[in-house]
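# A structural walkthrough
Residue strings, one per chain:
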Amino acid sequence: MHYTSRFLPCSAMAMVFAGLTTNVSAQTATTVAGGTKSEASPPTGGGDIVVTAQRRNQSIRDVPVTIAAFAAEDLRDRQITNAIDVAKITPGVTAASNTGGQAAAFSIRGVTLSDFNDGSEAPVAVYVDDGYIPTVQAQSFAMFDIDHVEVLKGPQGTLFGRNSTGGLVNFVIAKPTETMEGFVNATYGSYNQAKVEGAISGPIAENVQARASVIYNREDGWLKNDFPGAPDLGGFDTFATRLQLQSQLSDRLTARVSGLYFKQDMSMAPYNSIGTAPIRDSSNRVVGGYYTGGPNSFGYTPPPTSAYRTSTDFYCSRCTGMKIYDGALHLTYDLGETQIYSVTDYIHIAKRLKLDAEVSPINYLGVAQNGQTGSFTQELRATGKIDNLVWNAGAYYLNILVDTQGGYLARANSIYARNYPGYEASGIDLANVAQLRKQSASVFAQVEYEFVPTLTFVAGGRFIHERAKFDFVSSAFRNDDNDNLDTQNYLFTVQPSYSNRISNNFWTGKAGLNWKPSDDLLVYASVNRGVRGRGFNNKLPAGPALTPAQILYKPETLVSYEGGFKFSLDRLLTVDAAVYHYDYKNYQAFLFVTAGGYIQNADATTNGGEVAVTLRPVQNLELSVGGSYNHSTVHDLPIAPGITRDVTPTFAPRRQLTASASYKVPDVMGGELAFGGNVTSSSSFFTNARNFDSQKLNGYTLVDGRITWRGDSGFSLTAAINNLFDKRYAITEADLSTLCGCTEIAYGRPRTWSLTAGYRF
């Protein structure tokens, strides 16, 4: 993809826009901060943090949105190093995992998509340094040199754009600084974990600053593979680096250029297996399923699920992995009371995965998928204040190209190859080869008007135009390499080819009322409309092929009604609470059937509430508790031919709870000693929208603990234990009862420990 021709005109347009708005700034009265300046402050004595949820800097106490924010130090203390692990400490948020937990996407308030196709975009948008992550499979990445993380719940389409019906997770990175600073942290832990993270920042010339960040993290496998000569599963090797250059080109114009390289290699997906049987009705339709606990269809009985053991004959070195290249230009034109921002970003994501379908020592079937995604985005926005009116306005452009190759490896002499006479000995590969091109352009605006003291009316909207082209071919190919998906030597067609172009117009909107009678209390109510565009199914080549009408699914529309309050009592107490009701039209529900899945549309409703309380009863002691309740229903979803049911969305537990405690002891060996602990609890949830008994995972409660010493000279030491009581809990599964009489099931990591030494200057 070549975007150079667009890059310079868009940046130049930002500066032209700046010149046109210079006269407007004379009418404004209050500075509205943001852009390339430091976008957040660490928690103050009252636990406050500055966030950018409304595209400008605000105290989290003043934002009329249900939001959780975590500063970098808090994330390090809680041992949160992977982006998706933010879900672990945020009530109402879960990780919709696949490929044995090696990939996952955020699910907020039951709004989720568990489709593992690279061409799918998630209903919960993820941004890193104002750059949009364009594929659902790239939301799990190493998090390093972060300033803070914001989790916004509910539709955010007005200010943040497309595909944020469920909410948004915004990773704000640490920026270059005008004074020299830096840090380095080195960790050693369970399973030979070795991690080093560091950054250095400061001036390198007059009006020029730079920041360089790096992380390396590796770990051996924790799931024992009993197959002779095979490596253990769950290991990984990660390296990432980021370089930023920032320059004050004039008193008003600041430019920041950033570049990112990320590389992660992982083992085969760390799955276990459980014997599973389908339940069929009198018409032979699959209407349920249950665990048998016995052998699969080939007579193999897996190890008991209580053991951290598996046995798989399909293994390879660095089976699964991802590379990301990202380059961005941020321009800020500061008029004092009005700011103009231009963000130009290109990201390329290359992903590969392999797994053993039935997770056994039997040569049956492998699954492989490769994906290459390129995305260019350009956003131009302005924000300012005129008397009692705060405004945001802008335009956004997105161009995505996705190439995917995914299917089955029926290796030489495999049982699955026997389904194709003549290829039993040589093996055969069955693959979908698809390409998706997508363009989206939008304009948006939002105003907040304080029409009487303490009362503010909020209104905004976004108009979106999208175009997409999808080409799909499903074929059998000669098996030239047992361990890789071959798509070079065509044999015959497996599923009918498909090609289509679509064009759509959408709109999102928001209306709200905020009441702020004092600095300590904010009460708000809002109605939001979110949309998620049409898309194309890319079902793997197992079971009946989809019809053209099933391949193209409809756009979904969500109307959200929400009310809440935020209360603080000096340093002593903060309370946030909200209730909400969602009405969905054409909810996009992903069904996994046989050994592949596809999206269907059905209406849905959700009711729920959330509360978060922080108490500081005495100096140096902080206690926090948060809880969520969510009751979501997808109505009349087809779960088998001619059968519809009301079901619960995937990865949507009814109840979640988090709690944390920290106590700091000053003046210990020339520093401060801090004790901390976290509790995370979740009720049961389904992994498949069909809601069979064999697709429901039990709830769990996890406890983590840590001790940290921070010296006045900048040195620190941390000892941490995660999953203190070594809880055995499942995080995802795939029901393959009609394929192999089994279920692939993945469990969370066992108890682990780590020791970290750090230095900050």
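Bear in mind the structure is a predicted one, so any value in this text is a computation, not a measurement. (Residues numbered from 1 in each chain as written. Predicted model: local features only at pLDDT ≥ 70, side-chain atom pairs only at ≥ 80, totals over all residues. Heavy atoms only, no water.)

## Concerning the overall build of the chain
Broken down by element type, the chain carries six helices and 42 strands. Taken against the 2.2 N^0.38 rule, which gives 27 Å for 761 residues, the C-alpha radius of gyration of the chain at 26 Å falls within 12% of a compact globule. The principal-axis extent of the C-alpha atoms belonging to the chain is close to 80 × 60 × 50 Å. Looking at the chain residue by residue over its 761 residues, the buried ones come to 59%. Considering only contacts in the chain between residues 6 or more positions apart, those separated by 24 or more positions represent 68%. For the chain, the accessible surface area stands at approximately 28400 Å², while carbon and sulfur atoms represent 57% of it. Once the 63 positive and 68 negative side-chain charges of the chain are each reduced to a mean point, those two points are 4 Å apart. (Helix = DSSP H or I, 4+ residues; strand = E, 2+ residues; numbered from the N terminus. Rg over C-alpha atoms; globule rule 2.2 N^0.38 Å. Buried < 20%, exposed > 50% of the residue type's maximum accessible area, 1.4 Å probe, protein only. Contact = heavy atoms within 4.5 Å. Areas by Shrake-Rupley, 256 points an atom, 1.4 Å probe, with all protein chains shown as cover. Lys, Arg positive; Asp, Glu negative; His and termini not counted. Charge placed at Lys NZ, Arg CZ, Asp CG, Glu CD.)

## Structural notes on the state of the cysteines
On inspection of all chains with the given rule, the structure shows one disulfide. Covalently, Cys 740 is tied to Cys 742 through a disulfide, its sulfur atoms 2.0 Å apart. Its S-S torsion of about -60° marks the bond between Cys 740 and Cys 742 as left-handed, since a negative value means left-handed. For the pair Cys 740 and Cys 742, one class covers both residues: buried. (Disulfide = S-S within 2.5 Å.)

## Here's the deal with unusual backbone geometry
Glycine aside, the phi torsion of most residues is negative, and most peptide linkages are trans. Residues other than glycine seldom take positive phi values, yet Asn 620 does so here, at roughly 75°. Its place among the elements puts Asn 620 in the loop between β31 (596–615) and β32 (621–640). The class for Asn 620 is partly exposed, based on a relative accessible area of 28%.

## Quick word on the sheet that holds strand β17 (residues 286–291)
Strand order across the open sheet formed by four strands is β17-β16-β41-β40, with antiparallel pairing between neighbours. Across the chains shown, the open sheet's two edge strands, defined by having one partner strand only, are β17 and β40 (730–736). Direction aside, neighbouring strands of the sheet carry axes that sit 30° apart on average. Pairing of β40 with strand β41 (residues 742–747), which is carried by six bridges, proceeds in the antiparallel orientation. Bridging across to β41, Ala 730 finds its partner in Tyr 747. (Pairing = 2+ DSSP bridges. Axes fitted to C-alpha atoms, helices over the stretch in contact; angles between N-to-C directions.)

## A word on the nonpolar core
For soluble globular proteins, nonpolar side chains are generally found buried alongside one another. Residues Tyr 408 and Tyr 416 are the most contacted members of the largest nonpolar core, which totals 45 residues. Each residue touching Tyr 416, except ones within four places of it in the same chain, is listed here: Tyr 364, Leu 365, Ala 410, Leu 430, Pro 541 and Leu 739. If you look at the next biggest cluster of nonpolar residues, it comprises 35 residues, including Val 128, Ala 142, Phe 171 and Met 322. (Core = buried A, V, L, I, M, F, W, Y, C linked by side-chain atoms within 4.5 Å.)

## Overview of the sheet that holds strand β6 (residues 124–128)
Taken in spatial order, the five strands of this open sheet run β3-β8-β9-β6-β7, and their pairing is mixed. Edge positions in the sheet fall to β3 (67–71) and β7 (131–132), since each of these pairs with one other strand and no more. As paired elements, strand β8 (residues 146–153) and strand β9 (residues 167–173) share seven bridges and run antiparallel to each other. Bridge assignment links Val 151 to a residue of β9, and that residue is Val 169.

## Comments concerning a nonpolar patch on the surface
A surface patch of nonpolar side chains, amounting to about 840 Å² of accessible area, comprises Met 180, Val 184, Val 196, Ile 200, Val 214, Tyr 216, Phe 239, Phe 715, Tyr 759 and Phe 761. Elements that contribute at least two residues to the nonpolar patch include exactly β11 (193–205) and β12 (208–219). With respect to the secondary-structure elements, Tyr 759 resides in strand β42 (residues 752–760). When its relative accessible area of 30% is taken as the criterion, Tyr 759 is described as partly exposed. (Patch = residues over 30% accessible without salt bridge, like charges linked within 9 Å, V, L, I, M, F, W, Y side chains within 5 Å. Salt bridge = Lys/Arg side-chain N within 4 Å of Asp/Glu carboxyl O.)

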